[in-house]
Amino acid sequence: MKISPETSALFERYVIPNYRRFPLSLVRGEGSWVWDDQGNRYLDFFPGWGCNLLGHCPPAVVKAVQEQAATLIHVPNTWHMEAQGQWAKMLSERSFGGQAFFCNSGTEANEAAIKLARLHTPRGRYKIITFEGGFHGRTYGATSATAQSKYHDGIEPLVPGFVYAPFADLAAVRAKVDGETAAIMVEPVQGEGGIRFASVEFFAGLRKIADENGLVLIFDEVQSGCGRTGKWFAYQTYGVEPDVMTLAKSLCGGIAGGAMLARPEIAKSLRPGMHAATFGGNPIAARAGIATIETIEKEGLLQRADQLAELFFRLLHPLSSELASIREYRQVGLMIGIELRDDASRLVERCMEKRLLINVTQGNVIRLLPAMTMTDDEVREGCEILAGELRQFPA
Ligand SMILES: *Cc1c(COP(=O)(O)O)cnc(C)c1O
């Protein structure tokens, strides 16, 4: 595992070191495989940090982007673009009938949701309840919404008005609602927090609290949405609808894109001039987003995600009774978390040496966000490598 001295020198001198980068320079991807600049091939159980739910370079997305790039790359939102309207319709029809605002990332989608919630509720209502272990992005509003102190160290003061509650604790939420509360914002499945979910009762309870108090219920589905859980959106596994939902990551099959969907009666509070994103919903993102939805439907990938999820479960879950090093195994569709008793960061490099790419979050949770286009053999191959490494862990 190495990269060329030239590439390494470029990064050392010219790129801000805000990421911990592994000594691997990737040059090509196809499906669940990527190649480094030394010609090595890796099986990717974490393609694109959750963005490449269709695998690397899905052909329909590649084609749509190529065609659109040669036709019209970007025009601002001062004009209509048919593809953006079609894309909004497709997202709306697959969720709760909302209207869309488009942007370029998850954090931006959440900023839009935060602004909308404050705009929609009466003046003086500004507080937004979010949850410990949650993650909402890196811009100031979204970082302030993220109830993890490690992301706040040294960058305070944060945006005021965020109130943190323990995840899955309904009584705590109820106690935190007051006359200044505008919204509740929650991930249906905490991703970065370590693949943590709560009961149907918890989400139904949030819905009830929101209804009783006139609050906007925002679901951050940036990681859990767009088919990741075998449903279009993770909230559909709970059967509890939000008022506002944010999307990004796998929304455009690997192209940058984000969206906020809001019930029409709430969406109208985002009046002209109150919010914008210059590149939001641009023709390339729109075409990529449409191609992503079409691919998932044409190829029956929601059902396939269920099958793959079952296969992962069958192969990996038994390890949690076999190995004392595993504290808990958690999975919702193609979101898989294996919590270990010890720090697991070194497993990323160990698997990389065996040509398998994985992620570790929160220090001790192996996180897999595999593509819904994997073959059974690919799943088996990767799980065998991972199981081998886990059996030697923590040695
Ligand atoms: C990744 C993520 C974000 C931030 O998305 P960016 O595109 O990196 O801004 C927000 N919320 C959740 C749940 C995420 O997983």
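Residues numbered from 1 in each chain as written. Predicted model: local features only at pLDDT ≥ 70, side-chain atom pairs only at ≥ 80, totals over all residues. Heavy atoms only, no water.

### Some details on the overall build of the chain
- When helices and strands are counted, the chain shows 14 helices and 17 strands.
- Here the C-alpha atoms of the chain give a radius of gyration of 21 Å, agreeing with the 21 Å that 2.2 N^0.38 yields for 395 residues.
- Going through the 395 residues of the chain one by one, you find that 55% of them count as buried.
- Here the analysis covers contacts within the chain between residues at least 6 apart in sequence; of these, 72% occur between residues at least 24 apart.
- When the accessible surface of the chain is totalled, it reaches about 17,500 Å², and 53% of it is carbon and sulfur.
- Side chains of the chain carry 41 positive and 45 negative charges; the gap between the two charge centres is 2 Å. (Helix = DSSP H or I, 4+ residues; strand = E, 2+ residues; numbered from the N terminus. Rg over C-alpha atoms; globule rule 2.2 N^0.38 Å. Buried < 20%, exposed > 50% of the residue type's maximum accessible area, 1.4 Å probe, protein only. Contact = heavy atoms within 4.5 Å. Areas by Shrake-Rupley, 256 points an atom, 1.4 Å probe, with all protein chains shown as cover. Lys, Arg positive; Asp, Glu negative; His and termini not counted. Charge placed at Lys NZ, Arg CZ, Asp CG, Glu CD.)

### What about the side chain of Ser 25?
- Take Ser 25: it is sitting in the loop between α1 (5–14) and β1 (26–30).
- Residues contacting Ser 25, with those up to four places away along its chain left out, are Ile 3, Thr 7, Trp 35, Asp 36 and Asp 37.

### A word on the sheet that holds strand β16 (residues 359–361)
- What the 4 strands build is an open sheet, ordered β13-β14-β17-β16; its pairing is antiparallel. The sheet is open, and its two edges are formed by β13 (326–332) and β16, each paired on a single side. The average undirected angle you get between the axes of adjacent strands in this sheet is 25 degrees.
- The pairing of strand β14 (residues 335–340) with strand β17 (residues 365–368) spans 4 bridges and is antiparallel. Bridge pairing links Ile 336 to Leu 368 in β17. (Pairing = 2+ DSSP bridges. Axes fitted to C-alpha atoms, helices over the stretch in contact; angles between N-to-C directions.)

### Examining the packing of aromatic side chains
- Counted by the stated rule, this structure contains 14 aromatic pairs.
- What links up through ring pairs into an aromatic cluster is the set Phe 96, Phe 131, Phe 167, Phe 202, Phe 203, Phe 219, Phe 233, Tyr 235 and Tyr 238.
- Sitting above the plane of the Phe 162 ring, Arg 118 keeps its charged end 6.0 Å from the centroid. (Phe/Tyr/Trp six-rings, centres within 6.5 Å; stacked < 30°, edge-to-face > 60°. Lys NZ or Arg CZ within 6 Å of the ring centre and 35° of its normal.)

### Notes on the sheet that holds strand β12 (residues 258–262)
- Taken together, the 7 strands give an open sheet; going across it, the order is β4-β12-β11-β10-β7-β5-β6, and neighbouring strands pair in mixed fashion. Each edge of the open sheet is held by one strand with a lone partner, namely β4 (99–103) and β6 (162–165). On average, adjacent strands in this sheet sit at an angle of 20 degrees to one another, irrespective of strand direction.
- As paired strands, strand β5 (residues 127–131) and strand β7 (residues 181–186) are joined by 3 bridges and run parallel to one another. Bridge assignment links Lys 127 to a residue of β7, and that residue is Thr 181.

### Observations concerning the environment of Lys 150
- As for its position among the elements, Lys 150 is in the loop between α5 (140–145) and β6.
- The class for Lys 150 is partly exposed, based on a relative accessible area of 46%.
- Here Lys 150 is in contact with Glu 192 and Gln 362, once residues within four sequence places are set aside.

### A closer look at a nonpolar patch on the surface
- A cluster of nonpolar side chains, Leu 10, Phe 11, Tyr 14 and Val 15, forms an exposed patch at the surface whose accessible area comes to about 400 Å².
- By secondary structure assignment, the location of Leu 10 is in helix α1. (Patch = residues over 30% accessible without salt bridge, like charges linked within 9 Å, V, L, I, M, F, W, Y side chains within 5 Å. Salt bridge = Lys/Arg side-chain N within 4 Å of Asp/Glu carboxyl O.)

### Here's the deal with the side chain of Asn 282
- Along the chain, Asn 282 falls in the loop between α9 (264–267) and α10 (283–298).
- Among the polar contacts made by the side chain of Asn 282, one reaches the main-chain amide nitrogen of Ile 284 at a distance of 3.0 Å.
- Apart from residues lying up to four places away in sequence, Asn 282 is in contact with Ile 73, His 74, Met 81 and Asn 104. (Polar contact = N/O pair within 3.5 Å; in protein donor to acceptor, adjacent residues only side chain to side chain.)

### Some thoughts on α10
- With 16 residues, α10 extends 22 Å between its outermost C-alpha atoms, agreeing within 8% with the 22 Å of an ideal straight helix rising 1.5 Å per residue.
- Taken across its 16 residues, α10 has 12 buried, putting it largely inside the fold.
- Listing the buried residues of α10 in full gives Pro 283, Ile 284, Ala 285, Ala 286, Ala 288, Gly 289, Ile 290, Ala 291, Thr 292, Ile 293, Thr 295 and Ile 296.
- Turning to α10, the residues buried within the fold contact α2 (59–69), α3 (82–94) and α11 (301–316).
- Between the side-chain oxygen at the start of α10 and the backbone nitrogen of Ile 284 there is a gap of 3.0 Å, and the oxygen is on Asn 282.
- Of the residues flanking the end of α10, it is Gly 300, one or two places downstream, whose phi is positive at about 60 degrees. (Expected span 1.5 Å × (residues − 1).)

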